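Below, each chain spelled out in residue letters.
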Amino acid sequence: MNTDIQHNTFSETNQRFPWIDMSPTVLHAAPQVGLVNSINSSTRILINDECLRTLATRLAYGLTGAAQLQTPPQILLESQAGAQARASDIELRLSTPDTGDVAIPVHGADETYRIDVTQPIRVTAQNPGAMARALTTLHKAARVSTVLDPAVIIDAPAYAERSVMIDMGRRQFGPEWIICLLQEMAWNQLNTLHLHLTDNEGVRVIFPSHPDISSDDAWSAADLKRVLDTAADYHIEVIPELDMPGHMDWILRDKPQWQLKLNNGSVVSKAIDFSIAPARNFLKSLFTDLMEMFPQSRYIHLGADEYFLQPITPDNTPQLAQYVRDETGNLEADSEDAVRYFINSLAELVQEKGKIARIWNDSAVKRRQVIALKKQVQIECWSIWGSRRGELNAQELVDAGYTVLNAHGDFYFIINKAWDNLFHAKHSPHGIYDVWRANHFMDNAGASFTEIPSRHPAMAGAGVQLWIEVPTFSSPEEMWTQFRSWLLPLGQRTWDSPNAANRFKELPLIALAVANPPPVPWQ
């Protein structure tokens, strides 16, 4: 690409050609010869498909604020009388964009779009999700300048999934907080929200088949619908997680008969004994509820982390080993195999509903596995100590046929007085921008990593996680003031355009000027 635009400048020239200086910066932007386009009171938005009206309406209100219009631009279906495009109009077309000789990342094909800044402006994308990404870019550009130089923009992300996880199990977040997060995520081209809904401290949604397990502050069905409707409007997928068979203290508080008993007679209240048939059926009913509560979610997260924490070991849980031996006839299987066997049975339940199961990496990385996880189960890699503990690393998981996602534990946003989320070399905005990479998986905490090529078909995506270690330390409002600043660098590094500034401190002034959506986003 031939452009004279330099980072860390904010001249009239790059205001009218802002595409490379925004965040996420676009994959390709080329100046063209022609007349400038001015968004003004005569601008209309023309759509070629009625399904684009919601996106067009959001853009119209965004342009109203950007251009300080008295009324939003009119929206017309192309087939309507009087819908002949004028020079100041914006055309939104659902069709395959012409990408010319621009190399589109393998995992970004589904979200590819093209913007032609001509008279009129033409925006082309092959589906509404890709159109949503395109209009976010156009809206940002209009907030920089409503007069735009002629250009061709072709854009697509490097990673298909660009995610944020929120730990609701340990601390409830109101639906309004999550809706603000969704709006901020969309502004930064992030497309997946992972909700960790249950943990030892609480259950934050109401399961219809077992409403008694929910916390007093659990979202109502109406609250959940508001969140899911908002996510759908912004073309953000929501992945629900019910963490089990550990992290279940709250769920099992009134179910002592299913709490795990060790061979010395002691009881671990946070762990479920899934060798008990009614306990297994109980969990299956909860996951059935979860799939019905999140009907548009393609993925269901089964948790499956930190079950074998002290005092639980494979040696003091003989009933688990006996369960898996009885089920499979394999006398070599142990209690860790039992966990994998039970995960496989839940993954089959999920698959029967047309969805895909995910788990944290704990059960997947053991080298001794008599019974392995089924390859249909996707592995979210958060804590791998391959070179120190002799565990399988991310490359070995990929080589074994698993799809992986990066949730690198060295870069967590953690609510704890001893954890710095603003200035630390890794877990901070500049750490996410300068050090974290979507395809660098933990291999040894705090040290080495395993790199999976971004183009690899098993590389599903990456994100950051907000975990609550001390629920009383910070309110959701206080968390927001810090966590919000993580989303721009996360958006840039998961979109991963080669045109991005090399370091956080080199971010262009334009990127900082439009780092956040308008106060009333896109309305």
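Residues numbered from 1 in each chain as written. Predicted model: local features only at pLDDT ≥ 70, side-chain atom pairs only at ≥ 80, totals over all residues. Heavy atoms only, no water.

### Structural notes on the overall build of the protein
Okay, so step 1: Check the secondary structure of the protein and you find 14 helices and 24 strands.
Okay, so step 2: Within the span of the protein, comprising 523 residues, buried residues form 60% of the whole.
Okay, so step 3: Excluding contacts between residues fewer than 6 apart, the proportion of contacts in the protein whose partners are at least 24 apart in sequence is 75%.
Okay, so step 4: Accessible surface, the protein: about 20100 Å² in total, of which carbon and sulfur atoms supply 50%.
Okay, so step 5: Considering the protein, the positive charge centre built from 44 side chains and the negative charge centre built from 61 side chains are found 1 Å apart. (Helix = DSSP H or I, 4+ residues; strand = E, 2+ residues; numbered from the N terminus. Buried < 20%, exposed > 50% of the residue type's maximum accessible area, 1.4 Å probe, protein only. Contact = heavy atoms within 4.5 Å. Areas by Shrake-Rupley, 256 points an atom, 1.4 Å probe, with all protein chains shown as cover. Lys, Arg positive; Asp, Glu negative; His and termini not counted. Charge placed at Lys NZ, Arg CZ, Asp CG, Glu CD.)

### Focus on the pairing of strand β6 (residues 113-117)
Okay, so step 1: Extensive coverage of β6 is indicated by the burial of 5 of its 5 residues.
Okay, so step 2: Along β6, one buried face is formed by Y113, I115 and V117 and the opposite face, lined by R114 and D116, is buried too.
Okay, so step 3: Taking the residues between adjacent antiparallel strands as the criterion, β6 and strand β7 (residues 121-125) are bridged by 3 residues.
Okay, so step 4: Where β6 meets strand β9 (residues 151-155), 5 bridges bridge the pair, whose relative direction is antiparallel. Paired with D116 across the bridge in β9 is V152. (Pairing = 2+ DSSP bridges.)

### Observations regarding the sheet that holds strand β1 (residues 28-31)
Strands pair in a sheet through their backbones, by hydrogen bonds, and they do so in one of two ways: parallel or antiparallel.
Okay, so step 1: Pairing is mixed across the open sheet formed by 7 strands, whose spatial order is β1-β9-β6-β7-β5-β3-β4. For this open sheet the edge positions go to β1 and β4 (74-77), each flanked by a neighbour on one side alone. Here the average twist between neighbouring strands, direction ignored, is 15°. (Axes fitted to C-alpha atoms, helices over the stretch in contact; angles between N-to-C directions.)

### Digging into helix α2 (residues 53-66)
Okay, so step 1: For α2, spanning 14 residues, the distance from its first C-alpha to its last is 20 Å, which sits close to the expected 20 Å at 1.5 Å a residue.
Okay, so step 2: Along α2, the positions that sit buried rather than exposed are L55, A56, R58, L59, A60, G62, L63 and T64.
Okay, so step 3: Close packing links the buried residues of α2 with β3 (44-47), β4, β5 (90-94), α3 (128-144) and α5 (221-233). (Expected span 1.5 Å × (residues − 1).)

### Here's the deal with helix α6 (residues 277-293)
Okay, so step 1: The end-to-end C-alpha distance of α6, which contains 17 residues, comes to 24 Å, matching closely the 24 Å that a straight helix rising 1.5 Å per residue would cover.
Okay, so step 2: For α6, the set of buried residues is A279, R280, F282, L283, L286, F287, D289, L290, M291 and M293.
Okay, so step 3: Where α6 is buried, its residues touch α5, β14 (237-244), β16 (267-272), β17 (299-303), α7 (318-328) and α8 (335-352).

### So, the packing of helix α4 (residues 175-187) against helix α12 (residues 476-483)
A pair of packed helices is characterised by two quantities: the angle between their axes and the separation of those axes.
Okay, so step 1: Put simply, α4 and α12 touch, their axes get as near as 11 Å, and they point 10° apart. As judged from the angle between their axes, α4 and α12 are roughly parallel. Of the residues in α12, those in contact with W177, C180, L181 and E184 of α4 are P476, E477, W480 and F483.
Okay, so step 2: For the contact of α4 with α12, the per-class residue count stands at 6 nonpolar, no polar and 2 charged. (Parallel < 35°, antiparallel > 145°, perpendicular 65-115°, else oblique. Nonpolar A, V, L, I, M, F, W, Y, C, P; charged D, E, K, R; others polar.)

### Observations concerning the packing of aromatic side chains
Okay, so step 1: Throughout the structure, instances matching the rule amount to 15 aromatic pairs.
Okay, so step 2: Between W258 and F282 the ring centres are 5.0 Å apart and the planes differ by 40°, which places this aromatic pair in the tilted class. Taken together, the residues W258 in the loop between β14 and β15 (259-261) and F282 in helix α6 connect sequence positions 24 residues apart. The same class applies to W258 as to F282, namely buried.
Okay, so step 3: Site record: aromatic cluster; members linked through ring pairs are F274, Y307, F308, Y323, Y341 and F342.
Okay, so step 4: The ring centre of Y234 lies 4.2 Å from the NZ or CZ of R58, which sits over that ring.
Okay, so step 5: Positioned over the ring face of Y299 is R358, at 3.9 Å from the centre of the ring. (Phe/Tyr/Trp six-rings, centres within 6.5 Å; stacked < 30°, edge-to-face > 60°. Lys NZ or Arg CZ within 6 Å of the ring centre and 35° of its normal.)

### Quick word on the pattern of salt bridges
Okay, so step 1: Using the criterion set out here, one finds 26 salt bridges in the structure.
Okay, so step 2: We note a salt bridge from R170 to E201, for which the minimum N-O separation is 3.9 Å. Of this pair, R170 sits in the loop between β10 (161-167) and α4 while E201 sits in the loop between β12 (198-199) and β13 (202-203), placing them 31 residues apart in sequence.
Okay, so step 3: Across the pair R503 and D434 runs a salt bridge, and its minimum N-O distance is 3.4 Å. (Salt bridge = Lys/Arg side-chain N within 4 Å of Asp/Glu carboxyl O.)

### So, the environment of L77
Okay, so step 1: With respect to the helices, strands and loops of the structure, L77 is situated in strand β4.
Okay, so step 2: Apart from the residues lying within four places of it in its own chain, the contact partners of L77 are I47, N48, D49, E50, R53 and A83.

### Let's talk about the side chain of E161
Okay, so step 1: Residue placement: E161 occurs in strand β10.
Okay, so step 2: Contacts of E161, omitting those with residues within four sequence positions, involve N191, T192, I239, Y299, R358, L405, A460, G461 and A462.

### Observations concerning the confidence of the model for the protein
Okay, so step 1: For the protein, mean pLDDT is 94; residues scoring 70 or higher make up 96% of the total.
Okay, so step 2: Confidence drops under pLDDT 50 across residues 1-6; counting only partners more than four residues distant or on other chains, this segment forms 12 contacts. (pLDDT = per-residue confidence, 0-100.)

### Things to note about unusual backbone geometry
Okay, so step 1: Following Q119, the chain continues into P120 via a peptide bond in cis, with omega recorded as 10°.
Okay, so step 2: Within the secondary structure, P120 is located in the loop between β6 and β7.
Okay, so step 3: Between Q310 and P311 the backbone carries a cis peptide bond, its omega angle lying at 10°.
Okay, so step 4: For P311, the location among the structural elements is in the loop between β17 and α7.
Okay, so step 5: At Q189, a position not held by glycine, the phi torsion is positive, near 60°.
Okay, so step 6: By the secondary structure assignment, Q189 is in the loop between α4 and β11 (192-196).

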